[in-house]
Every structure is written in structure tokens, then in C-alpha cells.
Amino acid sequence: MTSPAQIEELKTLVEPGKVLLDADSLNTYGKDWTKQFAPAPTAIVFPKTIEQVQAIVRWANQHKVALVPSGGRTGLSAAAVAANGEVVVSFDYMNQILDVNLTDRTAVCQPGVVTEHLQNVAEEKGLYYPVDFASAGSSQIGGNIGTNAGGIKVIRYGMTRNWVAGMKVVTGKGDLLELNHDLIKNATGYDMRQLFIGAEGTLGFVVEATMRLDRAPKNLTAMVLGTADLDSIMPVLHAFHGKLDLTAFEFFSDKALANVMARGDVPSPFDTECPFYALLEFEATTEEVANLALEIFENCVEQGWVLDGVMSQNQTQLQNLWKLREYISETISHRTPYKNDISVTVSKVTAFLQEIDAIVAEDYPDFEVVWYGHIGDGNLHLNILKPEDLDKDEFFARCATVNKRVFETVEQYNGSISAEHGVGLVKRDYLTYSRSPVEIEYMKALKAVFDPNGIMNPGKIFAV
Ligand code: MLT
Ligand code: ZN
């Protein structure tokens, strides 16, 4: 436990007022969007410079204090939860874009830059930051890197990893590493940048990141298609993917749609009720491309895969169709969902989905199950909603039992138990379903190199 004298010392390392100890702040900054864990940090510290981050890490080493990095706190695996008296290091005051280089097409970001801010600045410069998801208005670049955030455009642009040109990190020893110097080509040994991406702050803290930008897409156009059943979604993907350069291919179930519709402020896509829906997006660069999309759509109807569909004709319609998908997570969050974020290679999705769906139907007959996700990437979000009258702990315990069967299936398919949300505390005990024991030993050995005293987000990814 951190002593009052140690906290006084911590205060001297940052600007006045930048250590908070009040109950409200501890409660707010001690958790992310995960609902399973009660926040219990000792203090929240807000560095403003890289040197201050280094000083905090050295202080933590000296006193053996555990640190938890905190960004937009939109995580869903409790990687940013401080449940054990840790000191939370918030990057809220390191939130500037320091430079945009139009020749290199890069933006130098402090870790607390909000994703949407980067997207907007890129747009102002005629460029594009393509990593996007519903929480882009709150999530921060440092957190995105910590979890290697994915989202809705991965099918075309890949994960956050693909967009990190260079990075400055403070390791668990307090050293500052400048990784890759934003180079496109650099064959000088280990690319340690990659180790810190997706490491959930367990090796060190990202204190600056140069993010790559892309050309802006032209005339993005979305289609929402109602499919006859779950099995029809992948044939629809293959029909479109072969002929159009898709920027997104998402799916959601009727139950997911019903939750979004219940908000009352999003137009329904069409009247036909369908069990599942696909949302796809492409650049309609010419009229021919738009006509081709309609042709493929008609073919999918003829095949019996698609029952109805709609294509956006302008920006507003594009945005409204995206709301059908992007609002799902938020609209079900008050139902305390038990969230699964699983993936397999795209070729295995059909068989995998059938198996998981059968398990879910058998084991959750009395729970509401909501499917959605980035099916074009092989990433499925399976959300089990808590019945109102069931106690939260009992609900999570029942879900954990079924989880075992779900994860055994993931393992058989060589899939991932966490495609994009991260391991954190939530998936930690299931890591062996996706990583071999020897691999985990190497991961632990790496942690010991960068964080010998085990102060960087301990207990996340694997138990201490
Ligand atoms: C999404 O795809 O909507 C996000 O990953 C959040 C979620 O899974 O709820
Ligand atoms: Zn997602």
C-alpha cells in the first residue's frame, strides 16, 4: 500500500493539482467500460511531459508501487481497471497533436489524443486516419495502441498496428525508447515497436506515437442487407468481396437491431424483418461501381441469401446506416452484457459460427443472445444479456461455465479468445485457449526484461 509520504513525493513529480485522491476521481479513473470489477486505486496522477512519466515510473520502482495506464477508459477487458490499490497514470493532459507531416503522411500524437480528434485533423489536411469504432469520440491513441484496437474498417485498413510509424515508450525501468523513428523501411534487428502494441501497458507506457495517415476515401457508400439466416452472411461477403474493394463488412442480428431501434432516433433500414443483417461499405468512385454493387445485390436475392436491402445515396443516409451498427454496443450496455470477442480465419467462419450458435442455443436457452461484429475479419461479438431479475455475480458465473465450451471450440479452430478487446483481467484466465504454455513463458520472460519489478499494469494479460 502506498504511504502518505510516498504520495507527497509523487506530488512533487508533476504540476500542482495533478495528483487526485478524492473518491469521485478514484471511482472514475479506476475503471473502464467493463462492469465486472470494482475500482480501488490509491491515487490518480496526470503527467504532462515524457520526463514526468519517467519520474513517475522511477518513483514506482523505488517504492514498488503498481501503475495502471489510463486513456479514454473505453476498454472492454478491464485492462485499464485499478482494482488493487494501484496508482493510475492518466494521459488526459498529454493530448496534443504535435505535428502533421504531409509528405510523410504522418501525425505525431501524444498518447492522450482522442481518436476522433486525429480523424478530424487528418480530414482537415485532406487525409484520413482509418482506424474507427463507435468509441472513437472518447478512446485515446495510447489506449488504442495498448490494445491494438481494430474496429469497423479492418477488412481494408487493418488494425492500429498497421498505422504506427514510430513510437516513444517509457519502459517499466523508466528508460525512454524511441522506436523506428517513423521509417517505412528499417532492417536493423528486432522491431520492438510491435512488442508494445497490444501489450496493454504491461511492458511500458506509450508517451508519443507517430501515426500514419492515408488518402481520403472517395464517395463512401453503404448497403444494409437483410439475410435469410446466419449461414447466408458469408456467401454474401464472398459475392461482394470478389468484385468490390470493400472498406467494411459487418453483421448484426435482429435482436441487436431491435435494441438500436428502441432508441427511437434512427430510421429503420427497410420494412422486411430479417434474422440477420450485413452492412457493407465501398468507395462508389464511379456510377459503374454503384451499378455493380446493385447487380451483386440482385444476384444475392436470387440465390435466396438476401431478403431485402438498401443502399445509401448521400452522407446522411450513409451515417444513418452506420448508426444501426455503431449504436449496438451502447444500447445494450445497460443490460450488463457478458461480452465475447472471438475470431477465426475468414475461411472457417461459417463452420465456427454454426458450432458456437448451437452451443449458445443449448446452454443459454433462457438468456437473450445478441450477435454482431466484424464478420468480414472473422471477428464475432457474442453478447449475452443479463435477465433483469438475475443477480450480477450469479449471471457472470453462469456465463463463465458456458464460456468454457465456447473457448474450447475457439481453440479447436486455432482462433482467438480476444480478437480486438484485449485480455486485461476479463480474459486472463482463458489465455491458454489461444496461447501455448511455452508461448506464455516467453511472454512472461519479455515482461521481466522491460519491467523487472512488475510495476506496469500487473495482473493484466496474465496473473502475477
Ligand atoms: C463493437 O464492435 O461494437 C465494439 O467492439 C464494442 C463491442 O463489442 O461492444
Ligand atoms: Zn468490435
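In the block above lies the structure referred to throughout.
Engineer: Break down the sheet that holds strand 17 (residues 368-374) for me, citing the residues and quoting the values.
Structural biologist: Read from one edge of the open sheet, seven strands run 15-12-14-13-17-18-16, paired in antiparallel fashion. Where the open sheet ends on each side, the last strands, each with one partner, are strand 15 (306-311) and strand 16 (338-343). Strand after strand, the sheet turns through a mean of 15° between neighbouring axes, direction not considered. Both strand 12 (residues 220-227) and strand 15 contribute to a ladder of five bridges, which runs antiparallel. Residue pairing in the sheet places Met223 in a bridge with Met311 of strand 15. Each of strand 16 and strand 18 (379-385) touches helix 14 (residues 392-412); the most contacted strand, strand 16, lies at about 5° to it.

Engineer: Break down the coordination of the zinc ion (ligand 2) for me, citing the residues and quoting the values.
Structural biologist: Bound to the zinc ion (ligand 2) are the protein donor atoms His374 (NE2), His381 (NE2) and Glu420 (OE), situated 1.9 to 2.1 Å from the metal. All donors of the zinc ion (ligand 2) come from a single chain, and their spacing in sequence reads H-x6-H-x38-E. Each member of the pair, His374 as well as His381, is classed as buried.

Engineer: Provide a residue-level description of the site of ligand 1, including the pertinent values.
Structural biologist: In the vicinity of ligand 1, the contacting residues are Leu76, Arg325, Ser329, Lys339, Tyr372, His374, His381, Glu420 and His421. Within the side chain of Tyr372, an N or O atom sits 2.6 Å from an oxygen atom of ligand 1. At 3.0 Å, a side-chain N or O of Glu420 approaches an oxygen atom of ligand 1. Alone, ligand 1 offers 260 Å² of accessible surface; in the complex the protein occludes 88% of this. Residues that form the shell around ligand 1 fall into these classes: two nonpolar, four polar and three charged.

Engineer: Can you explain helix 13 (residues 349-363)? Please cite residues and give values.
Structural biologist: Under the 1.5 Å per step criterion, the end-to-end length of helix 13 is 21 Å for 15 residues, consistent within 8% with the ideal 21 Å. Residues of helix 13 that are buried include every one of Val349, Phe352, Leu353, Ile356, Ile359 and Val360, and no others. Down the axis of helix 13, the buried side of the element spans an arc of 130°, and every buried residue falls inside it. Exposed positions of helix 13 whose direction lies more than 90 degrees from the buried face are Ala361 and Glu362. The inward-facing, buried residues of helix 13 abut helix 8 (233-241), strand 16, strand 17, strand 18 and helix 14.

Engineer: Requested: an account of the sheet that holds strand 3 (residues 67-70), with residues and values cited.
Structural biologist: Across the sheet, four strands lie side by side as 1-2-4-3; this open sheet has mixed pairing. Two strands lie at the open edges of the sheet, namely strand 1 (19-20) and strand 3, each paired on one side alone. The pairing of strand 3 with strand 4 (residues 87-90) spans four bridges and is parallel. Paired with Val68 across the strands is Val88, a residue of strand 4. Lying on the sheet, helix 3 (residues 50-63) is in contact with strand 2 (43-45), strand 3 and strand 4; it crosses strand 3 at an angle near 155°.

Engineer: Before we move on, could you go through helix 3 and cite the residues and values that matter?
Structural biologist: The end-to-end C-alpha distance of helix 3, which contains 14 residues, comes to 20 Å, matching closely the 20 Å that a straight helix rising 1.5 Å per residue would cover. Looking only at helix 3, the buried set comprises Ile50, Gln52, Val53, Gln54, Ile56, Val57, Trp59, Ala60 and Asn61. Where helix 3 terminates, the next one or two residues include Lys64, which has phi positive at roughly 55°.

Engineer: An account of the side chain of Thr34 is needed here, citing residue identities and associated values.
Structural biologist: On the secondary structure map, Thr34 appears in the loop between helix 2 (23-29) and strand 2. A relative accessible area of 8% places Thr34 in the buried class. Engagement of the side chain of Thr34 in a polar contact is seen with the side chain of Asp32, the distance being 2.4 Å. From its side chain, Thr34 meets the backbone nitrogen of Ala78 in a polar contact 2.9 Å long.

Engineer: An account of the packing of aromatic side chains is requested, with residue identities and associated values reported.
Structural biologist: Taken as a whole, this structure holds 17 aromatic pairs when the rule is applied. Between Phe407 and Tyr433, the ring centres sit 5.8 Å apart and the planes meet at 50°, which makes this aromatic pair tilted. Of the two residues, Phe407 is situated in helix 14 and Tyr433 in the loop between helix 14 and helix 15 (437-450); the sequence distance between them amounts to 26 residues. The class of Tyr433 is buried, set by a relative accessible area of 16%. We note Lys18 situated over the ring of Tyr93; from NZ or CZ to the ring centre the distance is 4.5 Å.

Engineer: A description of the environment of Glu439 should follow, citing residues and the corresponding values.
Structural biologist: Following the sequence through the fold, Glu439 ends up in helix 15. Residues Glu439 and Gln140, 299 residues apart in the sequence, show an inter-C-alpha distance of 29 Å.

Engineer: Give a description of the packing of helix 1 (residues 4-11) against helix 3 that names residues and reports values.
Structural biologist: Interaxial distance between helix 1 and helix 3 falls to 10 Å at its minimum, and their mutual angle equals 160°. As judged from the angle between their axes, helix 1 and helix 3 are roughly antiparallel. Between helix 1 and helix 3 lies a crossing of right-handed hand. Of the residues in helix 3, those in contact with Gln6, Glu9 and Leu10 of helix 1 are Ile56, Trp59, Gln62 and His63.

Engineer: Could you give me a rundown of the pattern of salt bridges, with the residues and numbers involved?
Structural biologist: Under the criterion given, the structure shown has 19 salt bridges. Put simply, Lys11 and Glu8 hold a salt bridge, and the shortest N to O gap is 3.2 Å. Taken together, the positions of Lys11 and Glu8, both in helix 1 and three residues apart, correspond to about one turn of that helix. A relative accessible area of 32% places Lys11 in the partly exposed class. Where Lys48 meets Glu15, a salt bridge forms, and the shortest distance between an N and an O atom there is 3.5 Å. With Lys48 in the loop between strand 2 and helix 3 and Glu15 in the loop between helix 1 and strand 1, this residue pair connects regions lying 33 residues apart in the sequence. With a relative accessible area of 34%, Glu15 lands in the partly exposed category. Counted as one network, the salt bridges with shared partners bring together Arg156, Arg215, Asp245 and Glu283.

Parameters at a glance
Residues numbered from 1 in each chain as written. Chains lettered and ligands numbered in written order. Predicted model: local features only at pLDDT ≥ 70, side-chain atom pairs only at ≥ 80, totals over all residues. Heavy atoms only, no water. Pairing = 2+ DSSP bridges. Helix = DSSP H or I, 4+ residues; strand = E, 2+ residues; numbered from the N terminus. Axes fitted to C-alpha atoms, helices over the stretch in contact; angles between N-to-C directions. Contact = heavy atoms within 4.5 Å. Donors = N, O, S within 2.8 Å, 3.2 Å for Na, K, Ca; no water. Buried < 20%, exposed > 50% of the residue type's maximum accessible area, 1.4 Å probe, protein only. Near = heavy atom within 4 Å. Polar contact = N/O pair within 3.5 Å; in protein donor to acceptor, adjacent residues only side chain to side chain. Areas by Shrake-Rupley, 256 points an atom, 1.4 Å probe, with all protein chains shown as cover. Nonpolar A, V, L, I, M, F, W, Y, C, P; charged D, E, K, R; others polar. Expected span 1.5 Å × (residues − 1). Arc of directions from axis to C-beta. Phe/Tyr/Trp six-rings, centres within 6.5 Å; stacked < 30°, edge-to-face > 60°. Lys NZ or Arg CZ within 6 Å of the ring centre and 35° of its normal. Parallel < 35°, antiparallel > 145°, perpendicular 65-115°, else oblique. Left-handed = near helix turned anticlockwise from the far one by under 90°. Salt bridge = Lys/Arg side-chain N within 4 Å of Asp/Glu carboxyl O.

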